[in-house]
Amino acid sequence: MTLIFILWLFMMLLGVPLFVSLGIASLLHLLTSNLNLLTLPQRITNAANSFPLLAAPFFILMGNIMNTSGVTRRIFNFANALVGWLRGGLGHANIVASMIFAGMSGSAVADAGGLGTIEIEAMKERGYDIDFSAAVTAASATVGPIIPPSLPMIIYGVLADTSVGKLFIGGVIPGLLMGLSMMVLVALMARKRSYPKEPFPTVTSLWKAFREAFWALLAPVILFGGIVSGVFTPTEAAVVAAFYALVLGLFIYKEFQLRQLPRLILMTMETNGVVLALVMTAVLFGWNLSVADVPQTLGRALLYVSSNPIVVLLIINLFLLVVGCFMEAIAAMMILIPILLPVAIKLQIDPIQFGLIIVLNLMIGTITPPVGIVLFVTANVAKISFERVTKATLPFLVPLLIVLLLVTLVPPITTWLPALVMGK
């Protein structure tokens, strides 16, 4: 298995698509280990035959529709009316808007690319320097997959055979902590740099902003309320979300046209096709790792270092932060969950807490070079260099790492709300 693992890494360095390299490595291991080749179609078919995984294309479609139907502008205007009166108000509004949008799209890239265009332009017009504007936009986008819904959490739930509903609910408190901690940093930076603040809103202006954004703000309420109350499952919630986004764009805001739908469906199919191919080959690869005793060996190595769950989690955190610098989040999850999860189970770490730790680590990875995809998107939106965005975003790693440490050291941050709402 060692040689095949090296071959897989070599194929990745050559730029071979991840699902292809995973598939080839798995096939070679089956051939060289004299295992039944029927395992290959059985494993990849079983991986694709997953009810929770059906949520992915519908949440992706919802995000695509939201980004083209005027929702982002209304959300930002409402967030600005809510917190714009604070020093550095548009920076705060940027973060609050991301927290609201996270309850709809569940994607850091969608946040940076959709809201980012509006946010950066508004901040630039009000005299904020472009580097700070881009940094706030990139950092706040990491909240997207933490506050439900979340595509990475769906992937984790499928691979770890864990309740997606509990994962969604478990992300609420960490997501709020991320937003609040970044707002503290913005307040400190705004005071030091004398950034402007918006006029204190009148009741009329606040009501107007709320009224215009009301139907958009209702989306996370419907989704979260439906899941918590048991009206629908997280998978069914994705269908409801996509339908609601369509109704919103066509009949409420009337900024979406049916002729745009085929293009968005094709975009959704393309994105989901990649995700599904990764899931199928990653599950097969994970099974091969298990047969080759890789997770068990790693577990023994970690337990040799320490049998203290906190120490092991801190080691895993450091490892994931490094991985996040070089690998796209979903791809890293596909490979690492089958390896790391058995270690967590052996140490009796709650799978909900462990899932949030993995997702949060890899979301921080989206704003760390050299493969920080959110940094690339934000640099493109702000029309500045990748290096400038990276340098400006570095201070925002501090509050995010503090939240990661809290989630690691204080399990109830991720487990209390799911247990309260859905039971143990």
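Residues numbered from 1 in each chain as written. Predicted model: local features only at pLDDT ≥ 70, side-chain atom pairs only at ≥ 80, totals over all residues. Heavy atoms only, no water.

Draft legend 1. Region of the structure containing helix α13 (residues 234-252). Of all the residues in α13, the buried ones are Pro 234, Thr 235, Ala 237, Ala 238, Ala 241, Ala 242, Tyr 244, Ala 245, Leu 246, Leu 248, Gly 249 and Leu 250. For α13, the elements touching its buried residues are α4 (55-67), α5 (71-83), α10 (164-170), α12 (203-229) and α14 (261-291). Just beyond α13, the residue with positive phi is Lys 254, at close to 55°. (Buried < 20%, exposed > 50% of the residue type's maximum accessible area, 1.4 Å probe, protein only. Helix = DSSP H or I, 4+ residues; strand = E, 2+ residues; numbered from the N terminus. Contact = heavy atoms within 4.5 Å.)

Draft legend 2. Broad picture of the nonpolar core. Judged by nonpolar contacts, the single largest core of 146 residues is most densely connected at Phe 59, Met 66, Met 104, Phe 132, Tyr 156, Phe 354 and Phe 396. Ranked by residues supplied to this core, first place goes to helix α17 (residues 329-346) with 14 residues. (Core = buried A, V, L, I, M, F, W, Y, C linked by side-chain atoms within 4.5 Å.)

Draft legend 3. Quick look at helix α8 (residues 130-141). Given a rise of 1.5 Å per residue, 12 residues ought to cover 16 Å, and the 17 Å separating the end C-alpha atoms of α8 matches this to within 8%. Counted residue by residue, α8 has 11 buried out of 12 residues, so it is predominantly covered. By the burial criterion, the buried members of α8 are Ile 130, Phe 132, Ser 133, Ala 134, Ala 135, Val 136, Thr 137, Ala 138, Ala 139, Ser 140 and Ala 141. Contacts from the buried residues of α8 go to α6 (89-102), α7 (108-125), α11 (172-193), α19 (373-382) and α20 (386-393). (Expected span 1.5 Å × (residues − 1).)

Draft legend 4. Looking closely at unusual backbone geometry. Even without glycine at this site, Lys 254 takes up a positive phi of about 55°. Looking at the element boundaries, Lys 254 is found in the loop between α13 and α14. You will see that Gln 348, though not glycine, has its phi angle at about 60°, which is positive. By the element assignment, Gln 348 lies in the loop between α17 and α18 (351-365).

Draft legend 5. Seen up close, the packing of α18 against helix α22 (residues 412-422). Between α18 and α22, the least distance of the axes is 8 Å, while the angle of their chain directions is 130°. Considering the angle they form, α18 stands oblique to α22. The way α18 lies across α22 gives a crossing that is right-handed. Two secondary-structure elements touch here, α18 through Ile 352, Gln 353 and Leu 356 and α22 through Thr 414, Thr 415 and Pro 418. (Axes fitted to C-alpha atoms, helices over the stretch in contact; angles between N-to-C directions. Parallel < 35°, antiparallel > 145°, perpendicular 65-115°, else oblique. Left-handed = near helix turned anticlockwise from the far one by under 90°.)

Draft legend 6. Structural view of the side chain of Asn 317. The residue Asn 317 is located in helix α16 (residues 309-326) in this model. Judged by relative accessible area, Asn 317 falls into the buried class, the value being 5%. Setting aside residues up to four positions removed in sequence, Asn 317 forms contacts with Ile 357, Asn 361, Leu 404 and Thr 408.

Draft legend 7. Representation of the pattern of salt bridges within the structure. For the coordinates displayed, the defined rule picks out six salt bridges. With a closest N to O distance of 2.9 Å, Glu 198 and Arg 126 form a salt bridge. Separated by 72 residues along the polypeptide, Glu 198 in the loop between α11 and α12 and Arg 126 in the loop between α7 and α8 bring together distant segments of the chain. Linked through salt bridges whose partners overlap, the residues forming this network are Arg 73, Arg 74 and Glu 255. (Salt bridge = Lys/Arg side-chain N within 4 Å of Asp/Glu carboxyl O.)

Draft legend 8. Up close: the packing of α19 against α20. Closest axis-to-axis distance for the α19/α20 pair is 9 Å, and the angle between their directions is 115°. Classified by chirality, the crossing of α20 by α19 is right-handed. Of the residues in α20, those in contact with Leu 375, Phe 376, Thr 378 and Ala 379 of α19 are Phe 386, Val 389, Thr 390 and Thr 393. Per-class residue counts for the contact of α19 with α20 are five nonpolar, three polar and no charged. (Nonpolar A, V, L, I, M, F, W, Y, C, P; charged D, E, K, R; others polar.)

Draft legend 9. Spatial organisation of the environment of Met 178. Along the polypeptide, Met 178 turns up in helix α11. Owing to a relative accessible area of 0%, Met 178 belongs among the buried residues under this scheme. Sequence spacing of Met 178 and Arg 211 is 33 residues, and the spatial spacing of their C-alpha atoms is 27 Å. Those residues in contact with Met 178 that lie beyond four places of it in its chain are Thr 142, Val 143, Ile 146, Leu 360, Leu 400 and Val 403.

Draft legend 10. Broad picture of the packing of aromatic side chains. According to the stated counting rule, one finds nine aromatic pairs in the structure shown. When the ring of Phe 376 is compared with that of Phe 386, the centres are 4.2 Å apart and the planes differ by 20°; the resulting orientation is stacked. Residue Phe 376 is located in helix α19, and its partner Phe 386 is located in helix α20; the two are separated by 10 residues in the primary sequence. Following the ring pairs from residue to residue traces out a cluster consisting of Phe 78, Trp 207, Phe 210, Phe 214 and Trp 215. Taking NZ or CZ as reference, Arg 74 lies 3.9 Å from the ring centre of Tyr 253, over its face. (Phe/Tyr/Trp six-rings, centres within 6.5 Å; stacked < 30°, edge-to-face > 60°. Lys NZ or Arg CZ within 6 Å of the ring centre and 35° of its normal.)

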